[in-house]
Amino acid sequence: EPEMAEAARFVVSSLEESGSEAYWVGGCIRDELLGRPVHDMDITTSALPEEVMSVFPRCVPTGLQHGTVTVLHGGYGFEVTTYRTESGYADFRRPERVAFVRDVTEDLRRRDFTMNAICAGLDGRLVDPFGGAEDLDRRLVRCVGDAEERFGEDALRMLRCVRFASTLDFAVAKNTWRGLLRQRDKLAHIAVERVYAELARIMEGPRPLRGLAMLARGGLPARVKAPFPWDGEALAAGAAGLARIGELKSAPLRWALLLHTLGTPAETADGLLRAWTFPGTIRQAVVRVLRVREAWDPRAASALPGADGDGRRRWVAAVLSFGRAAAEGWLDVAAALPGGGETGIAAARGWMAGMPVSGLGELAVAGGDLTAALERRPGPWLGRLLQELLLQAALGELPNDREALIEAAGRMDEHGQA
Ligand code: ATP
Ligand code: MG
């Protein structure tokens, strides 16, 4: 980070030497003032994009019509944007027109929240015309200017508002919250991908429950393009079940806990997460975890397998079907439920640790061995027989030994089990 700051300092001072104004702006100043790690540094300047490009040898014209040039220096890329104003937000998201301006205050005025509308110059002096530093001190998210108007221009700002409030543990200023409530129907215009991106940051942040509760309190989940299956009541009812959601380490497990608490079956969850444009890997991870739950208890009436032999059998079968990672994921979710951390989890972990095999690849026979030994053509029977052998080997009812498995296969075949 000191290296990034050094490289950014070079960019800012080069712009000044060329006769322009230049400042660090936005998230980097906010995070710096909060004492949080700064992950990228944006720069705002009076220089026009072509002037910026003439100052630096290595630039990417990222968004010239919006005034943005990415300057490459010292192994970092810095977004350098010309002071601008915006107008005509026809789609409640993007401005139709941008105009380059000469005054930095005009540029700060178009930004969403006071804490994001602060810039700092080379000498460390802040330019903070909207009281952003004071709002940071008071831990408040506040719109620049009239909240109703600002949310009406760009409805995504409502989700950014909740995201900043929940990840930073800030309150929302009264007028800002009121403006949000007045404009919330406009959320329906925001692309689901953008909604998902903000939601994901809320869920991955340190206080997901706070963010979820704020969304519900604002009546926002019902108003987005792909409605979420929770409202204030569902969430309030499930709040006890979600109290420890922040302890879960990965996003898929947090989503799984949320969906479990809301009583969503795995199959329904799959459709929902598709509609919400979840990345496939995250969606599949969530659904697999929910399927583990359903595999040992189709009614999902209780969170954990009973400690009896049947419970063990269903648990081992679930591990084989959905994999160890998903099974461990479900145990982590179950442990985060109220009353979690009980004996069932320890038992399930023990059963899993005791499995001599956990996939067909580890079984001492393959399909070819069985077709040869039983003198049968391959068919659907073969897969079923292999799965049965795998289950018995995983349960320790059969040794994972070629001869023994072939012999058992012969017995099952005779008894018409396959
Ligand atoms: P982070 O990168 O941590 O999400 P950030 O504040 O840097 O936070 P960006 O999306 O990178 O957020 O935007 C950079 C800056 O651009 C913001 O600080 C804000 O000043 C401005 N900005 C971003 N999105 C909007 C918006 N929808 N409306 C108005 N201003 C915005
Ligand atoms: Mg940023």
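Think of each chain on its own: its residues are numbered from 1, step by step along the sequence as written. Following the order in which they are written, the chains are lettered starting with A and the ligands numbered starting with 1. Local features in this predicted model are restricted to residues whose pLDDT is 70 or higher, and side-chain atom pairs enter the listing and the counts only when it is 80 or higher, whereas totals over whole chains, interfaces and linings include all residues.

1. Description of the overall build of the protein chain
Heads up, the rule is: By definition, any uninterrupted DSSP run of H or I lasting at least four residues is a helix, any uninterrupted run of E lasting at least two residues is a strand, and each is numbered from the N terminus. Two things to know: the radius of gyration comes from C-alpha atoms, and the globule rule equals 2.2 Å times the number of residues to the power 0.38. Counts of 20 or more other C-beta atoms within 10 Å of a residue's own C-beta define buried residues, counts of 12 or fewer define exposed ones, and intermediate counts define partly exposed ones; C-beta atoms are placed from the backbone. C-beta atoms are first placed from the backbone for all residues, and any pair lying within 7 Å is then listed as a contact.
For the protein chain, the count of helices and strands is 19 helices and eleven strands. For the protein chain, whose C-alpha radius of gyration is 28 Å, the value lies well above the compact-globule estimate of 22 Å for 418 residues. The principal-axis extent of the C-alpha atoms belonging to the protein chain is close to 90 × 50 × 35 Å. Looking at the protein chain as a whole, 39% of its 418 residues qualify as buried. Taking contacts inside the protein chain between residues at least 6 apart in sequence as the whole, the part at least 24 apart equals 63%.

2. Brief notes about the sheet that holds strand E8 (residues 119-120)
What counts, and what does not: The criterion for strand pairing is that DSSP finds at least two bridges linking the strands in question.
Pairing is mixed in the open sheet, where seven strands are placed in the order E3-E4-E5-E2-E1-E8-E9. In this open sheet, the two edge strands, each paired with only one partner strand, are strand E3 (59-63) and strand E9 (126-127). Alignment of strand E2 (residues 42-45) against strand E5 (residues 76-82), held across three bridges, turns out to be parallel. Across the sheet, the residue bridging to Thr44 is Thr81, located in E5.

3. Comments concerning the site of ligand 1
What counts here: Proximity of a residue to a molecule or strand is defined by its backbone-placed C-beta atom lying within 6 Å of that partner. We call Asp, Glu, Lys and Arg charged. Ala, Val, Leu, Ile, Met, Phe, Trp, Tyr, Cys and Pro are nonpolar, and the rest, Gly among them, are polar. Start and end positions for the domains come from either an automated domain assignment or a database one.
The environment of ligand 1 is made up of Gly26, Gly27, Asp42, Arg111, Asp112, Asn116, Ala117, Asp154, Leu156 and Arg157. Taken together, the residues that form the shell around ligand 1 break down as two nonpolar, three polar and five charged. Counting contributing residues, the shell around ligand 1 receives three or more from each of domain 1 (1-128) and domain 2 (139-228).

4. Let's talk about the pairing of E2
With four bridges joining them, strand E1 (residues 22-25) and E2 adopt antiparallel strand pairing. When the bridges of E2 are listed, Val25 appears paired with Asp42.

5. Here we look at helix H10 (residues 208-217)
In an α-helix there are 3.6 residues to a turn, and that puts residues three or four apart on one side. Judged by how many residues are buried, H10 sits mostly within the fold: seven of ten residues are covered. Residues Pro208, Leu209, Gly211, Leu212, Met214, Leu215 and Ala216 constitute the buried set of H10. Residues of H10 that are buried make contact with helix H7 (156-168), helix H9 (192-204), helix H11 (232-242) and helix H12 (251-261).

6. Focus on the domain arrangement of the protein chain
By the assigned domains, the protein chain splits into domain 1 (1-128), domain 2 (139-228), domain 3 (247-354) and domain 4 (360-414). For domain 1 and domain 3, the distance between their C-alpha centres works out to 45 Å.

7. Some details on the nonpolar core
Basically, it comes down to this: Here a nonpolar core is just a set of buried residues of the types Ala, Val, Leu, Ile, Met, Phe, Trp, Tyr and Cys, joined wherever their C-beta atoms sit within 7 Å.
The biggest cluster of nonpolar side chains holds 119 residues, and the ones touching the most others in it are Trp24, Ile43, Val286, Val289 and Leu389. Considering each element in turn, this core owes the most residues, 13 residues, to helix H15 (residues 309-336). Leaving out residues up to four positions away in the same chain, Ile43 has contacts with Ala8, Val11, Val12, Ala22, Tyr23, Trp24, Val25, Phe78, Glu79 and Val80.

8. Section: helix H18 (residues 380-395)
Let me state the cut-off plainly: In this scheme, a helix's expected span is set at 1.5 Å multiplied by one less than its residue total.
For H18, spanning 16 residues, the distance from its first C-alpha to its last is 23 Å, which sits close to the expected 22 Å at 1.5 Å a residue. Restricting attention to buried positions, one finds in H18 the residues Leu385, Leu386, Leu389, Leu390, Ala393, Ala394 and Leu395. Directly after H18, the chain includes Gly396, whose backbone phi takes a positive value near 80°.

9. Brief notes about unusual backbone geometry
Positive phi values are uncommon outside glycine, yet Phe92 reaches one of about 60°. Here the phi dihedral of Glu375 falls at roughly 50°; this positive angle occurs in a residue that is not glycine. For Glu375, the location among the structural elements is in the loop between helix H17 (367-374) and H18. The class of Glu375 is exposed, set by 6 C-beta atoms lying within 10 Å.

10. Brief notes about the environment of Arg314
Looking at the secondary structure, you find Arg314 in helix H15. For Arg314, a count of 17 C-beta atoms within 10 Å puts it in the partly exposed group. Separated by 81 residues in the primary sequence, Arg314 and Glu233 have C-alpha atoms spaced 34 Å apart.

11. A look at the packing of H9 against H12
Filter applied, for reference: With axes taken as lines fitted to C-alpha atoms, and helix axes fitted only over the stretch in contact, angles between N-to-C directions fall between 0 and 180 degrees. Just so you know how the angles are binned, under 35 degrees is roughly parallel, over 145 roughly antiparallel, 65 to 115 roughly perpendicular, and the rest oblique.
Relative to each other, H9 and H12 sit at 95°, their axes nearing to 9 Å. As judged from the angle between their axes, H9 and H12 are roughly perpendicular. Residues Ala200, Met203 and Glu204 of H9 form the contact with H12, whose own contacting residues are Ala251, Arg254 and Trp255. Of the residues assigned to the contact of H9 with H12, the class counts are four nonpolar, no polar and two charged.

12. Here's the deal with the confidence of the model for the protein chain
One rule of thumb: low pLDDT means the predicted coordinates there are not for detailed reading. For the record, the criterion: Confidence scores per residue from the predictor, reported as pLDDT, run from 0 to 100.
Residues at a pLDDT of 70 or more form 95% of the protein chain, whose mean pLDDT is 92. In the predicted complex, the global pTM is 0.90; the interface-specific ipTM is 0.98.

13. As for the pairing of E3
Across three bridges, E3 lies against strand E4 (residues 68-73) in antiparallel orientation. In the sheet register, Val60 faces E4, and the bridge partner there is Thr70. Counted between consecutive antiparallel strands, the loop separating E3 from E4 contains four residues, among which Gly67 sits at a positive phi close to 90°.

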